[in-house]
Amino acid sequence: MAASKGINKTNAARLLDRAKIKYELVPYEVDENDLAATHIASQLGENIKQVFKTLVLHGDKTGHFVCVVPGDAEVDLKKAAKVSGNKKADLIPMKELLPTTGYIRGGCSPIGMKKAFPTYFDASCADFDYIYVSAGVRGLQFKVSPTELVEYVRGELADLTAEKE
């Protein structure tokens, strides 16, 4: 539960503390030119399939929702729309990310957004004892149990990723 020395707790970390969810805050070097999850995975020396990215989408019926997918995968917009009760869905424009969620690109956490949006996790997260998601700022990841995280954000597991060519 404890933050490492010199790491400031994020709002998302305080929320997990309050919910009594165990996690580790893991810092990494930020490269402004490479905010990809693959960069984070290589920095952490972890399997890219365990480093998840948080994407915010907008559906034609339900409005905003969140998809949390493995760092090397693309979200399948048709699958995301279907699971969220929409006919179609698109990623929100980058300029809308901060006003919508309170987070910036590369630091968007599924925990502690401005509003509690419906959240869907790629079902592959259940294959691991722990996964990494953003702790709410660039340069900091949560290492956390996917089961506890999904439960905490009232998320759902679903098949969300596009098939690799």
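Rules and cut-offs
- Residues numbered from 1 in each chain as written.
- Predicted model: local features only at pLDDT ≥ 70, side-chain atom pairs only at ≥ 80, totals over all residues.
- Heavy atoms only, no water.
- Phe/Tyr/Trp six-rings, centres within 6.5 Å; stacked < 30°, edge-to-face > 60°.
- Helix = DSSP H or I, 4+ residues; strand = E, 2+ residues; numbered from the N terminus.
- Buried < 20%, exposed > 50% of the residue type's maximum accessible area, 1.4 Å probe, protein only.
- Lys NZ or Arg CZ within 6 Å of the ring centre and 35° of its normal.
- Core = buried A, V, L, I, M, F, W, Y, C linked by side-chain atoms within 4.5 Å.
- Contact = heavy atoms within 4.5 Å.
- Arc of directions from axis to C-beta.
- Lys, Arg positive; Asp, Glu negative; His and termini not counted.
- Salt bridge = Lys/Arg side-chain N within 4 Å of Asp/Glu carboxyl O.

Asks: Can you help me understand the packing of aromatic side chains in this one?
Replies: Any aromatic ring pair is given by two values, namely how distant the centres are and how the planes are angled relative to each other. Summed over the entire model, instances satisfying the criterion amount to three aromatic pairs. Aromatic side chains Y23 and F142 sit 5.1 Å apart centroid to centroid with 80 degrees between the ring planes, which places their arrangement in the edge-to-face category. Taken together, the residues Y23 in strand 1 (residues 23-27) and F142 in strand 7 (residues 140-144) connect sequence positions 119 residues apart. Side by side, Y23 and F142 carry an identical accessibility label, which is buried. A cation over an aromatic ring shows up here: K143 above the ring of Y130, its NZ or CZ 4.2 Å from the ring centre.

Asks: Where do I start with the nonpolar core in this structure?
Replies: Nonpolar side chains tend toward joint burial in soluble globular proteins. If you look at the biggest cluster of nonpolar residues, it comprises 31 residues, and the most contacted ones within it are L25, I111, I131, V133, F142, V144 and L149. Of all the elements in the fold, those that place two or more residues in this core are helix 1 (11-18), strand 1, strand 2 (52-59), strand 3 (63-70), strand 6 (131-134), strand 7 and helix 5 (146-152). No other element matches the four residues that helix 1 contributes to this core. Not counting chain neighbours up to four residues away, the residues in contact with V144 comprise I21, K22, Y23, D129, Y130, I131, V133 and L149. L57, V69, V75 and Y120 belong to the second largest nonpolar core, which has twelve residues in total.

Asks: Even after reading the chapter, I still don't get helix 1, so can you show me in this structure?
Replies: Since one α-helical turn is 3.6 residues long, residues separated by three or four positions face the same way. Looking only at helix 1, the buried set comprises A12, A13, L15 and L16. Viewed end-on, helix 1 has its buried residues packed into an arc of 160 degrees, placing them on one side of the element. On its buried side, helix 1 packs onto strand 1, strand 7 and helix 5.

Asks: Whenever I open this one, the side chain of D76 confuses me. Can you help?
Replies: Relative to the elements of secondary structure, D76 occurs in the loop between strand 3 and helix 3 (77-83). K79 is the oppositely charged side chain nearest to the buried, salt-bridge-free D76, at an N-O distance of 4.3 Å. Aside from chain neighbours lying at most four places away, what touches D76 is L160, T161 and A162.

Asks: Help me understand helix 4 (residues 94-101) in this model?
Replies: Three or more residues of helix 4 are buried, namely L97, T100 and T101. Across the axial projection of helix 4, the buried residues extend over an arc of 90 degrees, all falling on one side. In helix 4, those exposed residues whose orientation departs by more than 90 degrees from the buried face are K95 and P99. At its buried positions, helix 4 is contacted by strand 2 and strand 3. At the C-terminal side of helix 4, G102 shows a positive phi close to 90 degrees.

Asks: Can you help me understand unusual backbone geometry in this one?
Replies: Note: most residues except glycine have negative phi, and most peptide bonds are trans. At K20, a position not held by glycine, the phi torsion is positive, near 60 degrees. Assignment of secondary structure puts K20 in the loop between helix 1 and strand 1. For R154, which is not a glycine, the phi torsion comes out positive at approximately 55 degrees. The topology assignment puts R154 in the loop between helix 5 and strand 8 (156-158).

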